[in-house]
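Per-entry structural report
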Amino acid sequence: MVFWKAAWDMAKDYPFGKGFRGFNQIGYHYIPAHVNTGGKRTRTVHSTWFEALTEIGYIGLIALIAMLYSTFKLTQKIRKRAIDLKDTAMYNLTLSLEGALLTYIVAMTFLNRMRGEILYWCILFICCAYNIYLIKTKIQNKSTK
């Protein structure tokens, strides 16, 4: 929690972020000297949210949250469509993708995973499911009419 507070203080000084591994570079200035950091003062913040805040700033953090929010909105649209069509396979696939993303988000609260591939793979798979189940079916329905 000390590192998270230090990241918050750092974000106040660098509202647009400090760039790649910004907290690792100068975060020790914001950590009190009496705090035991395990021998090294250049440590990581251990939270993707605070990593984003210190590296890409407030705007970047808002963009990350907006991307995740819009991804969850896509899954809601797919699941609604699956319920309308009574397609359990579509519903279960979407629910599993949403669960994978949600689980990853919970884990990344305590890990630096902003550049982790799995996050973007989950988002990509959800976007592909949206394309297949909603966009392609709309195009096929229009072409058959």
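Report follows, based on the coordinates.

Reading the values: rules and limits
- Residues numbered from 1 in each chain as written.
- Predicted model: local features only at pLDDT ≥ 70, side-chain atom pairs only at ≥ 80, totals over all residues.
- Heavy atoms only, no water.
- Helix = DSSP H or I, 4+ residues; strand = E, 2+ residues; numbered from the N terminus.
- Rg over C-alpha atoms; globule rule 2.2 N^0.38 Å.
- Buried < 20%, exposed > 50% of the residue type's maximum accessible area, 1.4 Å probe, protein only.
- Core = buried A, V, L, I, M, F, W, Y, C linked by side-chain atoms within 4.5 Å.
- Contact = heavy atoms within 4.5 Å.
- Axes fitted to C-alpha atoms, helices over the stretch in contact; angles between N-to-C directions.
- Parallel < 35°, antiparallel > 145°, perpendicular 65-115°, else oblique.
- Left-handed = near helix turned anticlockwise from the far one by under 90°.
- Nonpolar A, V, L, I, M, F, W, Y, C, P; charged D, E, K, R; others polar.
- Phe/Tyr/Trp six-rings, centres within 6.5 Å; stacked < 30°, edge-to-face > 60°.
- Salt bridge = Lys/Arg side-chain N within 4 Å of Asp/Glu carboxyl O.

Looking now at the overall build of the protein. Regarding its fold elements, the protein presents five helices and zero strands. Starting at the N terminus and ending at the C terminus, the protein contains elements arranged as α-α-α-α-α. Computed over C-alpha atoms, the radius of gyration of the protein comes to 20 Å, more than 25% over the 15 Å expected from 2.2 N^0.38 for 145 residues, which places it beyond the range of a compact globule. Expressed as lengths along the three principal axes of its C-alpha atoms, the size of the protein is roughly 70 × 25 × 20 Å.

All right, on to unusual backbone geometry then. Positive phi values are uncommon outside glycine, yet arginine 21 reaches one of about 55°. Of note, lysine 86 is a non-glycine position whose phi angle comes to about 55°, a positive value. Within the fold, lysine 86 resides in the loop between helix H3 (48-85) and helix H4 (88-108). A relative accessible area of 73% places lysine 86 in the exposed class.

Right, let's get into the nonpolar core. Counting residues in each nonpolar core, the largest one holds 35 residues, and the members touching the most others are Phe23, Val45, Leu68, Leu101 and Leu119. Among the elements of the structure, helix H1 (2-13), helix H2 (22-26), H3, H4 and helix H5 (117-144) are those that each provide at least two residues to this core. A total of ten residues in this core trace back to one element, the largest contributor, which is H3. Those residues within four positions of leucine 101 in sequence are excluded, and the remaining contacts are Leu68, Thr71, Phe72, Leu119, Cys122, Ile123 and Ile126.

The next subject is the packing of H3 against H4. Look at H3 against H4: their axes get within 9 Å of each other, and the N-to-C directions meet at 160°. As judged from the angle between their axes, H3 and H4 are roughly antiparallel. As for how H3 packs across H4, the hand of that crossing is left-handed. The segment H3 lies against H4, with Thr48, Trp49, Leu68, Thr71, Phe72, Thr75, Ile78, Arg79, Arg81, Ala82, Ile83 and Leu85 engaging Met90, Tyr91, Thr94, Leu95, Glu98, Leu101, Leu102, Ile105 and Met108.

What follows concerns the packing of H1 against H3. Look at H1 against H3: their axes get within 9 Å of each other, and the N-to-C directions meet at 10°. Classified by the interaxial angle, the pair formed by H1 and H3 is roughly parallel. Seen from H1, the contacting residues are Trp4, Ala7, Trp8, Met10, Ala11 and Lys12; seen from H3, they are Phe50, Leu53, Thr54 and Tyr58. Considering only residue class, the contact of H1 with H3 consists of eight nonpolar, one polar and one charged.

Next up on the list: the packing of aromatic side chains. Summed over the entire model, instances satisfying the criterion amount to five aromatic pairs. Counting every residue linked through ring pairs, the aromatic cluster contains Trp4, Phe50 and Phe110.

In this section: the pattern of salt bridges. All told, the structure shown has six salt bridges when counted by the stated rule. The salt bridge partner of aspartate 9 is lysine 5, with a shortest N-O separation of 3.2 Å. Here lysine 5 and aspartate 9 lie together in helix H1, a separation of four residues that amounts to about one turn. Here aspartate 9 falls in the partly exposed class, since its relative accessible area comes to 22%. The partner of lysine 12 in a salt bridge is aspartate 9, with the nearest N and O atoms 3.8 Å apart. Of this pair, lysine 12 and aspartate 9 are both found in helix H1, three residues apart, which corresponds to roughly one turn of the helix. The structure contains a network of salt bridges with shared partners spanning Lys5, Asp9 and Lys12.

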